[in-house]
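Structural overview
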Amino acid sequence: MRIQKHLTALLPPLSQPVSLSHSRMDEFFGRLHTSPGSSPRAAAPYAIGPQSQGWALLGASRNAAPRFLAALRGLSPAPSGAVRAWPSALHSHNARLARDFAHQHALAFASVELEVILARPEVHCVYVANHPRHHAASVEAALRAGKHVLCEPPLALHVDEAQALEQLAAHRGRILGLNYQQRFDPALLLLRHWLSEHALGDLVGGAVRNTTLLAASQQGWRVDAAWGGVVLDRTLRSVDAIRFMTNETVRAQGAAAGPRALGAAAASAPGAAAIEALHGLLALPRTGAIFNTFDAYLAPHILPRIEVYGSTGAAALMPWRSESSSALFFDRHGEQLSAAGETPAADLWSASISAFVAAVESNGAPPIAAAEDIANLRVCRALLAQAGGPAPV
């Protein structure tokens, strides 16, 4: 409430881009870090140094954007005491959303004009969290403007578009990464280690259940056939988890679509609704293992989890969610053991954002490169075709 009250006094309506001068920003942050009734501190703890990365957020989403901001603002400071990274600008195609989101989340500049955002000299990096149909164009514009980019999956709706963006980033010398934050789950990392050490014996197969009941507020593009439905949302992350933990190539062997309910009423013709539940069959050519997946917007009663079956043991990771770490269990000869002592709790968003910020600081490789998303997207496009679902445009 204090943040919104102060910003309401400081920020004008979005008839023009919202912007605060440095003196006004100092005033705001001084207020923000001062208790009611006390005197302003000599120096606000929000110090921006010459090496601090300014980030532009593209998209005022309800889910990803707030988590990104919390992770960015929660980074440990640089040795100088300055912040390592800070959110400097917001872009949204909707003027009202841009204004309201900027007020609510203490963002000093917002605009509906992407070129205005990308032209700002304090913007060094961009986080793409807008509608998937805008991902490819947004990433391309940011790379051409000389910015490093971290993008919500998928990078693009088509493999050839994603490959072109990968090549553009290399040509421009910019860092392009994907935010598959589940890869930072300590339980998944330990499971990956177990598989590399053959702790479960020979890999036989497994299963992934990535399910939820999609809230009404999220039933926009996710149930629109033009953008891939559950396949380019939850299945994309299921495929990535399998590829990551097994360190293997994955091939789509078969798929079947489940009932359509959420978007069926809005479909232009029978069968044109997006796939809302998908059963997938994935093969790992090197080991011959088979994984089955179930990704759905209609199954809140199913605990999201990953199961792996080996010749001498099995493991289960649950609950498997995008924002928090999981528990890992190990089964052998009917006895189930917990690996809780080896898998500390972790904020997956903070870990992912911190890793990318560190890559920019060192001018190194992104923690999750575009090639990973391209491999996931190729599998998902094959599953979508095998399920007979409407193809994204």
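Scroll up a little and you will see the structure.
Below is a short write-up of the structure. (Residues numbered from 1 in each chain as written. Predicted model: local features only at pLDDT ≥ 70, side-chain atom pairs only at ≥ 80, totals over all residues. Heavy atoms only, no water.)

The mixed open sheet is built from eight strands, whose spatial order is 9-10-11-8-12-13-14-15. The open sheet has two free edges, formed respectively by strand 9 (251–257) and strand 15 (335–338), since each of these has just one partner strand. Averaged over all pairs of adjacent strands, the angle between their axes in this sheet comes to 15°, without regard to strand direction. With four bridges joining them, strand 14 (residues 327–332) and strand 15 adopt antiparallel strand pairing. Considered in strand 15, the bridge of Phe 329 is made with Ser 338. (Pairing = 2+ DSSP bridges. Helix = DSSP H or I, 4+ residues; strand = E, 2+ residues; numbered from the N terminus. Axes fitted to C-alpha atoms, helices over the stretch in contact; angles between N-to-C directions.)

In the contact formed by helix 9 (residues 231–246) and helix 11 (residues 370–386), the axes pass within 9 Å of each other and the chain directions differ by 120°. Taken together, the axes of helix 9 and helix 11 are oblique relative to one another. By crossing handedness, the relation of helix 9 to helix 11 is classed as right-handed. On helix 11, the residues touching Val 231, Leu 232, Thr 235, Leu 236, Val 239, Asp 240 and Arg 243 of helix 9 are Glu 372, Asp 373, Ala 375, Asn 376, Leu 377, Val 379, Cys 380, Leu 383 and Leu 384. Tallied by class, the residues present in the contact of helix 9 with helix 11 amount to ten nonpolar, two polar and four charged. (Parallel < 35°, antiparallel > 145°, perpendicular 65-115°, else oblique. Left-handed = near helix turned anticlockwise from the far one by under 90°. Contact = heavy atoms within 4.5 Å. Nonpolar A, V, L, I, M, F, W, Y, C, P; charged D, E, K, R; others polar.)

Moving on to helix 4 (residues 95–104). For helix 4, the complete set of buried residues consists of Ala 98, Phe 101, Ala 102 and His 103. For helix 4, the capping residue at the N-terminal end is Asn 94, with a side-chain oxygen 3.0 Å from the backbone nitrogen of Arg 96. (Buried < 20%, exposed > 50% of the residue type's maximum accessible area, 1.4 Å probe, protein only. Polar contact = N/O pair within 3.5 Å; in protein donor to acceptor, adjacent residues only side chain to side chain.)

Another aspect to go through is the packing of aromatic side chains. Tallied over the full model, the rule gives five aromatic pairs. Plain terms: the ring middles of Trp 194 and Phe 330 are 5.5 Å apart, the flat faces sit at 70° to each other, and that makes the pair edge-to-face. Placement of the pair is Trp 194 in helix 8 (residues 186–196) and Phe 330 in strand 14, with a sequence separation of 136 residues. There is no split in this pair, since Trp 194 and Phe 330 are both buried. One aromatic cluster in this structure is built from Trp 55, Phe 68, Tyr 127, Trp 349 and Phe 356. (Phe/Tyr/Trp six-rings, centres within 6.5 Å; stacked < 30°, edge-to-face > 60°.)

Further remarks concern the pattern of salt bridges. In a structure, side chains of opposite charge can pair up when their charged atoms sit close to one another. For the coordinates displayed, the defined rule picks out twelve salt bridges. For Glu 122, the salt bridge identified is with Arg 120, shortest N-O distance 2.6 Å. Looking at Arg 120, the relative accessible area reads 21%, which means it is partly exposed. Residue Arg 243 pairs with Asp 240 through a salt bridge whose shortest N-O separation is 4.0 Å. Of the two residues, Arg 243 and Asp 240 both sit in helix 9, three residues apart, roughly one turn of that helix. Here the two residues Arg 243 and Asp 240 agree in accessibility, since each one is buried. Connected via shared salt-bridge partners are Arg 183, Asp 240, Arg 243 and Glu 372. (Salt bridge = Lys/Arg side-chain N within 4 Å of Asp/Glu carboxyl O.)

Further remarks concern the side chain of Asn 130. If you trace the backbone, Asn 130 turns up in the loop between strand 5 (125–128) and helix 6 (132–144). Given a relative accessible area of 13%, Asn 130 falls into the buried group. With residues near it in sequence (within four places) discarded, Asn 130 still touches Leu 58, Gly 59, His 135 and Ser 138.

Next up on the list: the environment of Met 318. Take Met 318: it is sitting in strand 13 (residues 314–318). Taking the C-alpha atoms as reference points, Met 318 and Leu 303, separated by 15 residues in sequence, lie 7.4 Å from one another. Apart from residues lying up to four places away in sequence, Met 318 is in contact with Leu 303, Pro 304, Arg 305, Ser 326, Ala 327 and Phe 329.

What follows concerns the pairing of strand 5. Across the two faces of strand 5 the burial is the same, with Cys 125 and Tyr 127 and Val 126 and Val 128 all buried. Assessed by its sense of winding, the connection that carries the chain from strand 5 through helix 6 to strand 6 (residues 148–151) is right-handed. (Right-handed = clockwise from strand over helix to strand, strands pointing away.)

Leaving glycine out, the prevailing phi sign among residues is negative, and the prevailing peptide bond configuration is trans. The step from Pro 153 to Pro 154 runs through a cis peptide bond, and the omega angle for that step is 0°. Relative to the assigned elements, Pro 154 resides in the loop between strand 6 and helix 7 (159–172). Phi at Ala 106 takes a positive value of approximately 60°, unusual for a residue other than glycine. Looking at the element boundaries, Ala 106 is found in the loop between helix 4 and strand 4 (109–111). Under the relative-accessibility criterion, Ala 106 is labelled buried at 7%. Of note, Asn 363 is a non-glycine position whose phi angle comes to about 55°, a positive value. Assignment of secondary structure puts Asn 363 in the loop between helix 10 (348–362) and helix 11. The class of Asn 363 is exposed, set by a relative accessible area of 57%.

What follows deals with the packing of helix 6 against helix 7. Working note: a packed helix pair is described by the angle between its axes plus the distance between those axes. In contact at an axis separation of 10 Å, helix 6 and helix 7 are set at 10° when each is read in the N-to-C sense. With respect to helix 7, the axis of helix 6 lies roughly parallel. Across from Ala 136, Val 139, Glu 140, Leu 143 and Arg 144 in helix 6, the residues of helix 7 making contact are Glu 161, Leu 165, Leu 168, Ala 169 and Arg 172. By residue class, the composition of the contact of helix 6 with helix 7 is six nonpolar, no polar and four charged.

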